[in-house]
Amino acid sequence: MSAKRRCGDQSAGKCGKKEKRAEPAVINPDLQNPRIRTALREAWRTSSRCSHGSVELDCEPFLHCKISNFVQNQSFVQGLQEELLQLNFNSKSNDLYKFLQSDDLKKRKEHHISEIRSLLFQQFRGWLEEVVGVGLEATVDLSCAKYEQTDVLLCHDDELEGRRVAFILYLLPPWNSSDGGTLDLYSTDEHQQPVGVVKSLVPCWNTLLFFEVSPVSFHQVSEVVSEGKCRLSLSGWFHGPSLPRPPRYIEAPPPRRPHLPRDEEVLFEWVNETYMDPLFQAQVQQEFEDNSEIRLPNFLQEEKFKQVSEALRLAEVQWERRGPPNKRCYSRLQVGSMEVCVRECWDLFSSEPFFLLLSNLTGLALHHLAPQDPQSDGSDRETAEEEGDDPAGQGPSTSSPQKKNKGPPVCVGELRRWSHGDYTLLHDSVQREFALDLLLHLGCKGWKAEFGGFTSYIAHDEDEELLTVYPEENSLALVYRDKETLKFVKHVNVSSAAQRPDQTDPAFYDFSFTYYE
């Protein structure tokens, strides 16, 4: 034993290294069996189930196939894993995912990486073409991903021009469904929108999964929840003619409503008296116009805030789940089940006096009594709207004279509950326009940025983060966004519950309103 170890140590680049370089990647012999290939080809063509040897093909909820012991020689797989772990990994994080990824592997010269690349995109590609009945390009599209605790890839369909078959080769330690990191497959509705997970595939050493990229191939990598485990995989796509795609389903936007008629006493009853001072309002407005956003701490009167916070945790409160999961996943309070104090707070944010207060705090024309900038005729704003430019940074300008043609100021709102696993995603069906966002958080004492649950604003078609609003107890956030600014709520991960043991309910809440001039 010691002699062999000395040989490996003393002969780096000779004895040990030479033996590893001489070892080829040998594909599972079941894939060479003509009977199995014929059966799989027919099953794929007819969208039916098929299982032979190491290969299992299923058609529900969409066509996918699992190949156990994909590489026959286990020593090669072990060497491949060791080689991959030596790569440099980049942290990847946005609305859809959080994990570590290597650079593209198409030019890597390491022996095991070169061998597996050759096996996948030559030998296996030919086999795959025969099974799926489609010519595939020789394009090499391959990278390595590491998922560790709290890492996740949320619901998506993989569709991008030219992608025809997606694949994943797992190179990980013994894994259980309780570790998270499963490949979850979604069912779809009549609009080809994902509904819920109907099948979870537990990743397994040296197992390759592939599936057809289609309008219904919605899937996710569930959050890895085990500490100390690394979900290592090679993944990529085989390119070919895309399947026909029907027009994307566009959701009906939520109805916008003008303000509710209320007496101004509602403000003095609910809002911290500091924000009722005209001089202080002017200071807030100046800061808001300079930055297009502001945080107003202790916004609601303490006793009122406490009443609403406690009412939201009552068992009688009814929450409904919001989807579809390729766009959002959280709970929304049903208006009809609101406790009296919660409904009063809800009405506050929709009331005419509050519209006027927002006008005084931001300079936006959200009420006909809002003071107008005498030096502005509205032409700058009109031009910005036509060109899609961002007034942020210079502060929101007052409305143009044509504002009267747009009708009265309106708002739309939700009262949301955020717990482990909740999120919102960016998607194409969002109408991009000028708007004022309001967020008031409740029940988030002790919340940390690493838990997720924060609201992130980014520039359209860019990864640049413009602003992040973190949950903060009884702090009102106001953010003015333009047509090129999008937002999402980051996935709430497992640490949000594990690190808040003093909380009987680890969820937090927010009033989320958007106002339009």
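Numbering of residues starts from 1 in each chain and follows the order in which that chain's sequence is written. Predicted model: local features are reported for residues with pLDDT of at least 70 only, side-chain atom pairs are reported and counted for 80 or more only, and whole-chain, interface and lining totals are derived from all residues. Derived side-chain values reflect all non-hydrogen atoms in the structure, with water molecules and hydrogen atoms excluded from consideration.

Draft legend 1. Region of interest: the overall build of the chain. Numbered from the N terminus, helices here are DSSP runs of H or I no shorter than four residues, and strands are runs of E no shorter than two. From N to C terminus, the chain includes twelve helices and 25 strands. Accessibility here uses a 1.4 Å probe with only protein chains present; expressed as a share of the type maximum, an area under 20% marks a residue as buried, one over 50% as exposed, and anything in between as partly exposed. Scored against the burial criterion, the 517 residues of the chain give a buried share of 51%. By definition in these notes, contact holds between two residues if any of their heavy atoms fall within 4.5 Å. If you take every contact in the chain between residues at least 6 apart in sequence, the share linking residues at least 24 apart comes to 79%. Here the chain displays about 24500 Å² of accessible surface, and carbon together with sulfur accounts for 48% of that area. For the accessible areas, the method is Shrake-Rupley and the probe is 1.4 Å, while residue cover comes only from the protein chains on display.

Draft legend 2. Region of the structure containing the pairing of strand β21 (residues 455–459). Burial within β21 is extensive, with five of its five residues counted as buried. Residues Thr-455, Tyr-457 and Ala-459 of β21 are buried on one face, and the alternating residues Ser-456 and Ile-458, pointing to the opposite face, are buried as well. Strand pairing is assigned whenever DSSP detects at least two bridges linking the two strands. With four bridges connecting them, β21 and strand β22 (residues 465–469) associate as antiparallel partners. Looking at β22, one finds that Thr-455 is bridged to Val-469. Linking β21 back to β22 in an antiparallel pair, the connection comprises five residues, with Asp-461 at a positive phi of about 65°. The pairing of β21 with strand β24 (residues 485–489) spans five bridges and is classified as antiparallel. Its bridge partner lying in β24, Ile-458 is registered against Leu-486.

Draft legend 3. Quick peek at the confidence of the model for the chain. As a per-residue measure, pLDDT tells how confident the predictor is, with possible values from 0 to 100. The pLDDT averaged across the chain works out to 89; a share of 88% of its residues lies at or above 70. Contacts from residues 1–21, a stretch scored under 50 in pLDDT, to residues over four places away or in other chains number eight contacts. A low-confidence stretch, residues 397–404 (pLDDT under 50), is modelled with 21 contacts involving residues beyond four sequence positions or located in other chains.

Draft legend 4. Local environment of the sheet that holds β21. As summarised here, the arrangement of the three strands in space is β22-β21-β24, forming an open sheet in which the pairing is antiparallel. For this open sheet the edge positions go to β22 and β24, each flanked by a neighbour on one side alone. With strand direction ignored, the average angle separating the axes of adjacent strands in the sheet is 20°. Throughout, an axis means a line fitted to C-alpha atoms (over the contacting stretch in the case of helices), and angles, computed between N-to-C directions, take values from 0 to 180 degrees.

Draft legend 5. Representation of unusual backbone geometry within the structure. The amide bond that connects Glu-60 to the next residue, Pro-61, takes the cis arrangement and shows omega of 0°. With respect to the secondary-structure elements, Pro-61 resides in the loop between β2 (55–58) and β3 (64–67). The omega angle of the peptide bond from Gly-323 to Pro-324 is 0°, so this bond is cis rather than trans. Within the secondary structure, Pro-324 sits in the loop between β16 (319–322) and β17 (328–333). The backbone phi angle of Asn-69 is positive, close to 50°, even though this residue is not glycine.

Draft legend 6. A look at the side chain of Asp-510. Relative to the elements of secondary structure, Asp-510 occurs in strand β25 (residues 508–516). Side chain to side chain, Asp-510 and Trp-418 meet in a polar contact 2.9 Å long. Two N or O atoms count as a polar contact when they lie within 3.5 Å, although within protein this holds only if one can serve as hydrogen donor and the other as acceptor, and sequence-adjacent residues are included solely when both atoms are side-chain atoms.

Draft legend 7. Broad picture of the pattern of salt bridges. Any Lys or Arg side-chain nitrogen located within 4 Å of an Asp or Glu carboxyl oxygen qualifies as a salt bridge. All told, the structure shown has 27 salt bridges when counted by the stated rule. Here Arg-45 and Glu-42 are joined by a salt bridge, their closest N and O atoms 2.5 Å apart. Residue Arg-45 and its partner Glu-42 are located together in helix α3 (residues 34–46), separated by three residues, close to a single helical turn. The exposed category is assigned to Arg-45, whose relative accessible area is 60%. Here Asp-157 ties to Arg-245 by a salt bridge, and the two come within 3.2 Å at their closest N and O atoms. Taken as a pair, Asp-157 in the loop between β7 (152–156) and β8 (163–170) and Arg-245 in the loop between β13 (231–239) and β14 (257–258) lie far apart in primary sequence, 88 residues in all. Residue classification places Arg-245 among the partly exposed positions, given a relative accessible area of 32%. Linked by salt bridges that have partners in common, Glu-320, Arg-322, Arg-332 and Glu-414 make up one network.

Draft legend 8. Representation of the nonpolar core within the structure. Judged by nonpolar contacts, the single largest core of 47 residues is most densely connected at Ile-67, Phe-70, Leu-84, Phe-124, Phe-210 and Leu-234. Looking at which element gives the most residues to this core, the answer is helix α5 (residues 111–132), with ten residues. In this view, Phe-124 contacts Ile-27, Leu-31, Ile-67, Phe-70, Leu-119, Leu-208, Phe-210 and Phe-238; residues no more than four positions away in its chain are not counted. In terms of nonpolar packing, the next biggest core, distinct from the first, is built from 46 residues, Phe-354, Phe-355, Leu-357 and Leu-476 among them. The nonpolar core is taken to be a set of buried Ala, Val, Leu, Ile, Met, Phe, Trp, Tyr and Cys residues, with the residues joined through side-chain atoms within 4.5 Å.

Draft legend 9. The arrangement of α3 in detail. For a helix, the expected span equals 1.5 Å multiplied by the residue count minus one. If you check α3, its first and last C-alpha atoms are 18 Å apart, about what 13 residues at 1.5 Å a residue would give, namely 18 Å. Regarding α3, the residues found buried are Ile-36, Arg-37, Leu-40, Ala-43 and Trp-44. On an axial view of α3, the arc spanned by its buried residues comes to 130°, and they lie on one face. When the buried face of α3 is taken as reference, the exposed residues oriented beyond 90 degrees from it are Pro-34, Arg-35 and Arg-45. Taken from the helix axis, the directions to the C-beta atoms give the arc we talk about.

Draft legend 10. Representation of the packing of aromatic side chains within the structure. When the centres of two rings from Phe, Tyr and Trp lie within 6.5 Å, Trp using its six-membered ring, the rings pair. Their planes under 30 degrees apart give stacked, over 60 give edge-to-face, and anything left gives tilted. Per the stated rule, a full pass over the model turns up 28 aromatic pairs. Judged by centre distance (6.2 Å) and plane angle (90°), the rings of Phe-299 and Phe-354 are edge-to-face. Of the two residues, Phe-299 is situated in the loop between β15 (293–296) and α8 (302–312) and Phe-354 in helix α10 (residues 352–362); the sequence distance between them amounts to 55 residues. Across the pair, exposure class does not vary: Phe-299 and Phe-354 are buried alike. Taken together through their ring pairs, the aromatic side chains of Tyr-275, Phe-280, Phe-299, Trp-346, Phe-349, Phe-354, Phe-355, Phe-511, Phe-513 and Tyr-515 make up a single cluster. Against the face of Tyr-147 rests Arg-231, its NZ or CZ located 5.1 Å from the ring centre. Counted as over-ring charges are cases with an Arg CZ or a Lys NZ within 6 Å of the ring centre that also lie within 35 degrees of the ring normal.

Draft legend 11. Layout of α8. Along α8, the positions that sit buried rather than exposed are Lys-304, Phe-305, Val-308, Ser-309, Ala-311 and Leu-312. Viewed along the axis of α8, the buried residues span an arc of 165°, placing them on a single side of the element. Opposite the buried face of α8, by more than 90 degrees, sit the exposed residues Glu-302 and Glu-303.

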